[in-house]
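Okay, here's what each chain looks like letter by letter:
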Amino acid sequence: MTTVSEITKTANWPTNYGDPAWLLHDRFGLFIHWGLYSNAARHEWVMNREKIHPDTYNKYFKYFDPDLYDPKKWARAAKDAGMKYFVITTKHHEGFALWDSELTDYKATNTPAKRDLLLEMVNAFREEGLKVGFYHSVIDWHHPEFPVDGLHPQRDDEAFKANATERNIEKYAEYLHGQVRELLTNYGKIDYLWFDFSYPERSWGWATGKGAEDWQSEKLEKMILELQPDIILNDRLDLGRGVVTPEQYQPSEAVTEDGQPVIWEACQTLNGSWGYDRDNLDWKSGDVLIKMLIDSVSKGGNLLLNVGPNARGEFDQKSLDSLSEIGKWMRVNSRSIYGATNSEYTAPLDCRFTQKGKRLYLHIFSWPFRHIHLEGLAGKIDYTQFLHDASEIQYKEHDPNEELTHISTRVKPGTVTLELPVQKPDVA
Ligand code: JFZ
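A short tour of the structure in this document, coming up. As the structure is a computational prediction, the values presented were derived from the model and not from experiment. (Residues numbered from 1 in each chain as written. Predicted model: local features only at pLDDT ≥ 70, side-chain atom pairs only at ≥ 80, totals over all residues. Heavy atoms only, no water.)

## Re the environment of serine 273
Under the convention used in this document: In DSSP terms, a helix is any run of H or I states spanning at least four residues, a strand is any run of E spanning at least two, and both are numbered starting from the N terminus. Accessible area is worked out with a 1.4 Å probe on protein chains only. A residue is then buried under 20% of its type maximum, exposed over 50%, and partly exposed in between. Two residues form a contact once any of their heavy atoms are found within 4.5 Å. Whenever two N or O atoms come within 3.5 Å, that pair is a polar contact, provided that in protein one can donate a hydrogen and the other can accept it, and provided that, for residues adjacent in sequence, both atoms are side-chain atoms.
Among the structural elements, serine 273 can be located in the loop between β8 (265-268) and α13 (286-298). Exposure remark for serine 273: the relative accessible area of 3% places this residue in the buried category. Sequence separation between serine 273 and glycine 308 is 35 residues, and the spatial gap between their C-alpha atoms is 7.9 Å. With residues near it in sequence (within four places) discarded, serine 273 still touches His43, Glu44, Asn280 and Asn306. A polar contact is formed between the side chain of serine 273 and the backbone oxygen of glycine 275, at a distance of 2.7 Å.

Set out below in structure tokens:
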């Protein structure tokens, strides 16, 4: 088992970043994608997918009126689900600022909302005891100095491009740094900064890719650490360090770089879209979401699970239902999540192990036929019980030196065989 102190010595964690112990302990956070695209209600990339001209997109700015917004409700839903931190889109690729930025007019304060929506959110989540994370898009499809590159919504608009030949990424970088400075100055202690994203030519093959030089990432990182010395950063500034962020997939095993374990966090959607997506039919079941959380921890990682609130400022019922299903499970099983990590033992088929010190947690994804066989654990177990009700589970040990003499015992020597009830207990 990798301990927290070992993992922080690894290559992707520079000594000048904050102590990631809380992240490794907490394991489960809420991602929130909320912006003008919530009005369109058809994916947060709608501006790009439909190549919407900024003047047209402006209708979402004009009519952004989240009259039911009550971030205390969001924070409570997150807390009840067992989440310990949250990451909010301060600005997504569309360029809209959820806070009262002095560097732009394209901000919440100038919509019918008429106020700094970020401030209320930060206060509400802090009050519920959650750590505060800011997502910030380094990409900006609204800013007049952001070049019309191969990823830009207006990439095929010749008239638009003819007007955009003088764009200067250095001026944009100044704006980017300035906005990040605001975010890290005016909202108290920020625990986590989650940038999104770099697409250097070498990895994406777009002629006009962007990376560390464009964002002036080294300089940006230096400023961030001066403003918030305890902050932790993700890996999307193209600097090759920070929390590794596999997106919409679960890694097949504990994530490593050069053979060393790294700090990583899977980010997952409830339905395939990050922003509120009204007509979406692709919802994951509560069962799948719980398995994703277990799977991440069993591989030494975190899960950052997303909700896309709607434009009136509410979590829709389906999202709330998903969160509460996870919460029911967490109420009795979170001991196998918080402070837990991957195990040195290999779990049986369709199972995951998480481990915390000497406690080994077996997560059975598919209920077996009465017994489950844990190879190599004979002589190593003191006591076995269910987690949800602390009821004893009886087991048989197969001597490691036992010779397989009769046909009826098809269990490998050294195996521990758990005696399970026929029916899976109702855990949640
Ligand atoms: C990015 C965003 O574009 C998306 O809207 C969402 O915010 C998500 C969390 O992050 O999506 C990405 C970013 C990077 C890659 C893929 C999707 N990538 O590098 O493969």
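## A word on the site of the ligand
To be explicit about the condition: Being near a molecule or strand, for a residue, comes down to having at least one heavy atom within 4 Å of it. Residue-level accessible areas treat just the shown protein chains as cover; the underlying method is Shrake-Rupley with a 1.4 Å probe. Note on residue categories: nonpolar means Ala, Val, Leu, Ile, Met, Phe, Trp, Tyr, Cys or Pro, charged means Asp, Glu, Lys or Arg, and polar means any other residue, Gly included.
Around the ligand, the surrounding shell holds 13 residues, and the nearest of these are His33, Glu44, Trp45, His93 and Asp196. Histidine 33 has a polar side-chain atom sitting 2.7 Å from an oxygen atom of the ligand. Notes on the ligand: free accessible area 450 Å², of which the protein chains cover 77%. A breakdown of the residues in the shell around the ligand according to their chemical character gives 6 nonpolar, 3 polar and 4 charged.

## Focus: helix α6 (residues 71-80)
As a reminder of what qualifies: What the arc measures is the spread of directions leading from the helix axis to the C-beta atoms.
Considered for burial, the residues of α6 that qualify are Pro71, Trp74, Ala75, Ala77 and Ala78. For α6, the angular spread of the buried residues around the axis is 160°, confining them to a single face. Of the residues one or two after α6, glycine 82 is the one with positive phi, at around 95°.

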